[in-house]
Amino acid sequence: MKKNALFLLGISTILSLIACNKPIKENFNPINDARINEDMKKSLKTLKRIDDKGILYTMDVQFDYFSDAMQTIAEEQNYINHEHGCTSFMTHNENGDVIYGRNFDTNHSAKTLEQAQGIYIIYNCHQEGLYKSVSIADAKYLVSDSASYLPGSLDDGEHDISNIVCGIYDPLDGMNEKGLCVSTLSSDRRTDEVCYNVMVPGQETCVLGTIMRHMLDKCKTVEEAVDLADDYNVMPYTGSSKLDHLLVSDANGKSKVIEWRYNEIRVRDTDIATNFFQTWDDAEPHKVKTSIGYEQDSTLSKTYMDYQYGYGHGYERFNMVASTFQQYAQIDEEGNYSSHLTNELAKNLLSLVAQQMTPEMTSMTQYSVIYNAKTLSADIWLTRDYSKKYSFGI
């Protein structure tokens with residue numbers, strides 16, 4: 001790939017979230033759950049639509065999400081089938097800032113293209129005693145009848161939005177005020193594997209989203225995030241047949257993948273993650289169906305980082321990012337390598353590894369986001385439309 005190839009996609013039109021921050025409607029959606037208290041209702045009433053299709057919303061979290069009332073709701077929430085084939089990476093931009101790029105890919109196991117489209121909420125968190133953060137959740141993962149939640153459902157005056165409060169414990173990705181970034185990505189499991197059998201007596205058991213919530217609230221470095229993850233047992237989402245792993249980075253340019261498998265937790269240095277394990281070296285020749293056909297596992301030998309390829313899929317997307325990083329690698333005075341892309345290059349790289357909507361819909365890129373760990377700002381593009389950029393931050 002030539003260095004200029006990533007510039008061919010052109011310059012995007014910048015649209016600010018602030019300019020679009022209008023109340024969703026006077027005809028506010030119902031809140032039917034009697035457990036929703038007044039503080040939660042106040043937060044739900046800050047829900048605002050960002051785009052013109054009703055795909056992206058923002059909400060100001062004004063309730064105590066560690067309160068007994070919220071804990072009861074969260075514990076009884078049925079977090080459904082999280083299976084997504086995504087791409088995440090950490091690099092540096094032209095100013096030397098650490099940036100974190102992420103494609104969120106899923107088709108929601110939908111039967112139609114309309115039902116496959118997600119609805120996303122940016123949660124602005126600023127609870128006293130915890131780090132401020134922004135995180136993104138998918139409304140379709142929070143409701144049992146997800147097929148009926150189509151774009152615009154959160155401000156149509158009809159759909160119950162009570163469960164939207166639970167998105168605080170179900171982030172897909174996010175960043176806190178210290179520049180810590182984290183995202184979740186699915187990995188395949190073998191037929192003889194179970195989802196998350198790491199069960200240490202005496203430790204709290206929760207889904208990965210809850211661990212991510214605690215990381216954003218309490219951790220400023222990758223090392224702190226790893227230590228926190230080690231304190232929890234992980235259980236699968238309802239109906240999920242896959243194992244998830246996390247890519248965590250911090251403002252110092254450190255990044256690691258955290259994985260749970262075979263009754264243990266493992267960690268490895270990496271600046272890229274897709275949908276195969278990196279702390280296990282068990283990739284094997286097999287064909288994996290993707291939205292563009294079939295791929296076979298493959299490795300790159302000439303990279304500045306010692307990547308490891310385990311069981312799963314997403315090798316082609318991973319290698320496209322890794323080969324780009326190799327082209328834009330720099331070495332510091334201590335002999336350490338790191339990749340440096342412009343913001344435009346990072347966006348274009350996300351577009352190149354985006355998964356297109358196809359009739360088979362094995363997966364599709366719902367949004368692309370880039371977090372800046374120094375400026376604490378973020379840019380997001382919806383449904384592979386890289387001509388419209390929405391900006392938000394802490």
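Remember, predicted model here, so these are calculated numbers, not experimental data.

**Q** How would you explain helix α5 (residues 208-218) if you had to name every residue and give the values?
**A** For α5, a buried count of ten out of eleven residues is recorded, marking the element as mostly surrounded by other parts of the structure. Those residues of α5 that fall on the buried side of the exposure criterion are Leu208, Gly209, Thr210, Ile211, Met212, Arg213, His214, Met215, Leu216 and Asp217.

**Q** Give a detailed account of the environment of Met320, specifying residues and quantitative values.
**A** Residue position: Met320 is located in helix α7 (residues 315-327). Its relative accessible area of 28% is what places Met320 among the partly exposed residues. Counting along the chain gives 32 residues from Met320 to Leu352, while the straight-line C-alpha distance between them is 8.4 Å.

**Q** If you had to explain the environment of Tyr65 to someone new, which residues and values would you point to?
**A** Along the polypeptide, Tyr65 turns up in the loop between β4 (56-61) and α3 (68-76). You can call Tyr65 buried: its relative accessible area is 1%. Separated by 25 residues in sequence, Tyr65 and Met40 have C-alpha atoms that sit 9.0 Å apart.

**Q** Which residues make up the nonpolar core, and what values go with them?
**A** In terms of nonpolar packing, the biggest core is built from 29 residues, with Met70, Tyr123, Leu154 and Ile164 touching the most fellow members. When contributions to this core are tallied by element, the ones reaching two or more residues are α2 (38-44), β4, α3 and β7 (120-125). Residues Tyr100, Met175, Tyr367 and Phe392 belong to the second largest nonpolar core, which totals 26 residues.

**Q** Hey, could you go over the pattern of salt bridges for me, with residue numbers and the actual values?
**A** Evaluation of the coordinates by the stated rule reveals 13 salt bridges. One continuous salt-bridge network, built from bridges that share partners, spans Arg190, Arg261 and Asp282.

**Q** For the packing of α5 against helix α6 (residues 222-229), give the residues involved together with the corresponding values.
**A** For any two helices packed against each other, the geometry is given by the interaxial angle and the distance between the axes. Running from N to C, α5 and α6 cross one another at 140 degrees; their axes reach a closest spacing of 10 Å. With respect to α6, the axis of α5 lies oblique. The handedness of the crossing between α5 and α6 comes out as right-handed. Listed contacts from α6 to Ile211, His214, Met215 and Lys218 of α5 are Glu224, Ala225, Leu228 and Ala229. The class makeup of the residues in the contact of α5 with α6 is five nonpolar, one polar and two charged.

**Q** If you had to explain the side chain of Ser255 to someone new, which residues and values would you point to?
**A** Tracing the chain through its elements places Ser255 in strand β14 (residues 255-261). The exposure class assigned to Ser255 is buried, which follows from its relative accessible area of 8%.

**Q** Give me the lowdown on unusual backbone geometry, citing residues and values where you can.
**A** A positive phi angle, close to 50 degrees, is found at Tyr262, a residue other than glycine. A relative accessible area of 40% means that Tyr262 is categorised as partly exposed. The backbone of Arg384 sits at a positive phi, close to 65 degrees, despite the residue not being glycine. Here Arg384 lies in the loop between β24 (377-382) and β25 (388-393).

**Q** Pulling in residues and values, what's your account of the packing of aromatic side chains?
**A** As enumerated under the stated definition, the model contains 18 aromatic pairs in all. Aromatic side chains Phe89 and Phe325 sit 5.6 Å apart centroid to centroid with 90 degrees between the ring planes, which places their arrangement in the edge-to-face category. Taken together, the positions of Phe89 in strand β5 (residues 87-92) and Phe325 in helix α7 put the pair 236 residues apart, joining distant regions of the chain. Summarising the burial analysis for this pair, Phe89 and Phe325 share the class buried. Both rings, one in Phe276 and one in Tyr315, keep their centres 4.6 Å apart while their planes meet at 20 degrees; by these two values the pair is stacked. With Phe276 in strand β17 (residues 275-276) and Tyr315 in helix α7, this residue pair connects regions lying 39 residues apart in the sequence. For the pair formed by Phe276 and Tyr315, the shared burial category is buried. Members of the aromatic cluster, joined through ring pairs, are Phe276, Tyr307, Tyr309, Tyr315 and Phe318. Sitting over the face of the ring of Phe277, Arg261 holds its NZ or CZ atom 4.1 Å from the ring centroid.

Rules used in this analysis
- Residues numbered from 1 in each chain as written.
- Predicted model: local features only at pLDDT ≥ 70, side-chain atom pairs only at ≥ 80, totals over all residues.
- Heavy atoms only, no water.
- Buried < 20%, exposed > 50% of the residue type's maximum accessible area, 1.4 Å probe, protein only.
- Helix = DSSP H or I, 4+ residues; strand = E, 2+ residues; numbered from the N terminus.
- Core = buried A, V, L, I, M, F, W, Y, C linked by side-chain atoms within 4.5 Å.
- Salt bridge = Lys/Arg side-chain N within 4 Å of Asp/Glu carboxyl O.
- Axes fitted to C-alpha atoms, helices over the stretch in contact; angles between N-to-C directions.
- Parallel < 35°, antiparallel > 145°, perpendicular 65-115°, else oblique.
- Left-handed = near helix turned anticlockwise from the far one by under 90°.
- Contact = heavy atoms within 4.5 Å.
- Nonpolar A, V, L, I, M, F, W, Y, C, P; charged D, E, K, R; others polar.
- Phe/Tyr/Trp six-rings, centres within 6.5 Å; stacked < 30°, edge-to-face > 60°.
- Lys NZ or Arg CZ within 6 Å of the ring centre and 35° of its normal.

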